[in-house]
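Architecture at a glance
In case you want the letters, here they are:
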Amino acid sequence: MAPGSEAPVLVGVGPDDALPVARTAARVAAAHGRALHLLHAFNWAALEAPAVTASRSHAEELLAGATGAANQSEPGVPVSTEIIEGAAVATLVRKSEAAFLVAVGDGGMAHCDRCIPADTPAVQVAARAECPVLVARQEPPPAGPVLVGVDGSASAEITLAWAYACAGRHRSHLLAVWVVESDAAVGEATDRLAALVARHRGAYPDVAVECRVLRGEPGEVLIEQSRAAQLVVVAARGDESWRGMLGAVSQSLLYHAPAPVLVVRGVTGPPTDDGPGHPGGRDQRP
């Protein structure tokens, strides 16, 4: 599939949360004017012939159910499907090079209090994909704001641009939160947050924005703020976001935020119809 304006929302369809992730991804695809491509990957090479047949039939049923859920959520979004042999995470990471964003389910980890391993598929995709990654939840989010966590990093500015665009396309207001460690830092952070928001306001004049500077541990504060949000937007890392890894804050939100989380990575600006190498499009790294 071609990148740029034709790049779809790529959805990893698994056995545990095919329907909620398809519904969430369909809403995002509709908001951004994108098609939806539902993909199920499975390693059939390790199975005997009868198991292969049964597994393919199960995959077809999963995709049919996910297609129905997407059509019910957003009837106008074009939907295509694909069954592919291979490991799910590696397949999604590879195909993310030509995707607008990748959407996956969280496997229920937002409601799990135990320690969650770093090799959880949703976390692995969010850490390695070549485009932004949306991690959907099993329960639908409230009709709240788009929440974005920002700091002074360059990646946070790109993330704010994505959050502005998401709020505009979802017709929501934007809640921008900067978390500081001490009361002494509140004044400077307030001024810097106001300036950061002002730089992007001209592109999205219809988006109402609320700015909050809060004291505490960033992950904990943003998780608490996310309870009333319809979407959380966060950078993969506060710095060096192009690396194949996640920062502590993005990991905390992936594990514990009740709202869907959009991890912004692999881009140099807000979502546009431009392809790789164009301003606002996908980053071309050596």
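Residues numbered from 1 in each chain as written. Predicted model: local features only at pLDDT ≥ 70, side-chain atom pairs only at ≥ 80, totals over all residues. Heavy atoms only, no water.

Formally: UniProt positions are given in the numbering used here, feature names are shortened, and annotations may be inferred rather than shown by experiment.
An unreviewed UniProt entry lists the protein under the name Universal stress protein, with Micromonospora craniellae as the source organism. Regarding the protein, the relevant UniProt record gives this comment under Sequence similarities (unreviewed entry): "Belongs to the universal stress protein A family."

**Digging into the pattern of salt bridges**
Cut-off, in case you're wondering: By salt bridge we mean one thing: a side-chain nitrogen of Lys or Arg within 4 Å of a carboxyl oxygen of Asp or Glu. Helix numbers and strand numbers start at the N terminus; a helix is a DSSP run of H or I with at least 4 residues, a strand a run of E with at least 2. Accessibility here uses a 1.4 Å probe with only protein chains present; expressed as a share of the type maximum, an area under 20% marks a residue as buried, one over 50% as exposed, and anything in between as partly exposed.
With the rule as written, the count across this model stands at 8 salt bridges. Across the pair Arg 137 and Asp 106 runs a salt bridge whose closest N-O atoms are separated by 2.9 Å. One end of the pair, Arg 137, is in the loop between strand 5 (133-136) and strand 6 (146-149); the other, Asp 106, is in the loop between strand 4 (101-105) and helix 4 (121-128), and 31 residues separate them in sequence. Residue Arg 137 shares its accessibility class with Asp 106, and that shared class is buried. Between Glu 210 and Arg 212 there is a salt bridge, and its shortest N-O distance comes to 2.8 Å. For Glu 210, a relative accessible area of 33% puts it in the partly exposed group.

**Re the sheet that holds strand 1 (residues 9-12)**
Spelled out, the test is: Should DSSP find at least two bridges between two strands, the strands are taken to pair. Lines are fitted to the C-alpha atoms to define the axes, a helix being fitted only along its stretch in contact, and any angle between axes, read from their N-to-C directions, falls within 0 to 180 degrees. We call two residues in contact when some of their heavy atoms are within 4.5 Å.
An order of 3-2-1-4-5-10-9-6-7-8 is seen for the 10 strands of this open sheet, with the pairing classed as mixed. Pairing within the sheet leaves two strands with one partner each, and these edge strands are strand 3 (79-85) and strand 8 (209-215). On average, each strand axis in the sheet is tilted by 20° relative to the strand beside it, whichever way the strands run. Summarising the sheet, strand 7 (residues 174-180) and strand 8 pair through 7 bridges and their orientation is parallel. Opposite Ala 176, over in strand 8, you have Cys 211 as the bridge partner. Each of strand 6, strand 7, strand 8, strand 9 (231-235) and strand 10 (261-264) is contacted by helix 5 (residues 154-169), which is oriented at about 160° to strand 9, the strand it contacts most.

**A closer look at the pairing of strand 5**
Regular strands place their side chains on alternate faces of the sheet. Residues Val 133 and Val 135 point to one face of strand 5 and Leu 134 and Ala 136 to the other, with burial holding for every one of them. As judged from the 4 bridges shared by strand 4 and strand 5, these two strands associate in the parallel manner. By the bridge assignment for strand 5, Val 104 is matched with Val 135. As judged from the 3 bridges shared by strand 5 and strand 10, these two strands associate in the antiparallel manner. By the bridge assignment for strand 10, Val 133 is matched with Val 263.

**Observations concerning the layout of surface pockets**
Rules: For cavity detection a 1 Å grid was placed over the protein atoms alone, and a set of points counts as a cavity when a 1.4 Å probe fits there but cannot get out; an open set counts as a pocket when protein lies on both sides within 12 Å along at least five of seven lines, with lining residues being those that have an atom within 4 Å of a point. Grid points are joined across faces, edges and corners, and a volume is the space filled by probe spheres set on the points. Classification convention: Asp, Glu, Lys, Arg as charged; Ala, Val, Leu, Ile, Met, Phe, Trp, Tyr, Cys, Pro as nonpolar; all other residues, Gly among them, as polar.
As a volume, the largest pocket reaches approximately 490 Å³. Around the largest pocket sit 25 residues that line it, and Val 13, Gly 14, Pro 15, Ala 88 and Pro 121 are the ones nearest its centre. Of all elements in the fold, only strand 2 (36-42), helix 2 (49-73), helix 3 (88-95), strand 4 and helix 4 reach the threshold of two or more residues within the lining of the largest pocket. Tallied by class, residues from the lining of the largest pocket come to 14 nonpolar, 8 polar and 3 charged.

**Some points on the environment of Leu 222**
Inspection of the secondary structure assignment puts Leu 222 in helix 7 (residues 218-225). Taking the relative accessible area as the measure of exposure, Leu 222 reaches 6% and is therefore buried. Between the C-alpha atom of Leu 222 and that of Trp 178, which follows or precedes it by 44 residues, the distance is 9.1 Å. Ignoring sequence-local partners within four residues, the contact set of Leu 222 consists of Leu 147, Gly 149, Val 177, Val 179, Val 249 and Leu 253.

**Looking at the environment of Arg 227**
Rules: Think of a polar contact as two N or O atoms within 3.5 Å of one another; within protein, one of them needs to be a possible hydrogen donor and the other a possible acceptor, and neighboring residues in sequence only count if both atoms come from side chains.
Along the chain, Arg 227 turns up in the loop between helix 7 and strand 9. When the C-alpha atoms of Arg 227 and Pro 141 are compared, they prove to be 8.6 Å apart, with 86 residues separating the residues in sequence. Of note is the side chain of Arg 227, whose polar atom sits 3.2 Å from the side chain of Glu 224.

**A short note on the packing of aromatic side chains**
Operational definition: Think of it this way: a Phe, Tyr or Trp ring, Trp meaning its six-membered ring, pairs with another when their centres are within 6.5 Å, and the plane angle makes it stacked under 30 degrees, edge-to-face over 60, tilted otherwise.
Across all of its chains, the model carries 2 aromatic pairs by this definition. Ring centres 5.3 Å apart and planes at 10° place the aromatic pair Tyr 164 and Tyr 204 in the stacked group. In this pair, Tyr 164 sits in helix 5 while Tyr 204 sits in the loop between helix 6 (186-201) and strand 8, placing the two residues 40 residues apart along the sequence. Across the pair, Tyr 204 and Tyr 164 agree in class, each one buried.

**Observations regarding empty space enclosed by the protein**
Our working rule: What marks off one domain from the next here is an automatic or database domain assignment.
With the rule as written, the count across this model stands at 2 cavities of 30 Å³ or more. The calculated volume of the second largest cavity comes to roughly 50 Å³. Of all the secondary-structure elements, those providing two or more residues to the lining of the second largest cavity are helix 1 (18-32) and helix 5. Tallied by class, the residues present in the lining of the second largest cavity amount to 7 nonpolar, 2 polar and no charged. Among the domains, domain 1 (1-136) and domain 2 (141-271) are the pair contributing at least three residues each to the lining of the second largest cavity.

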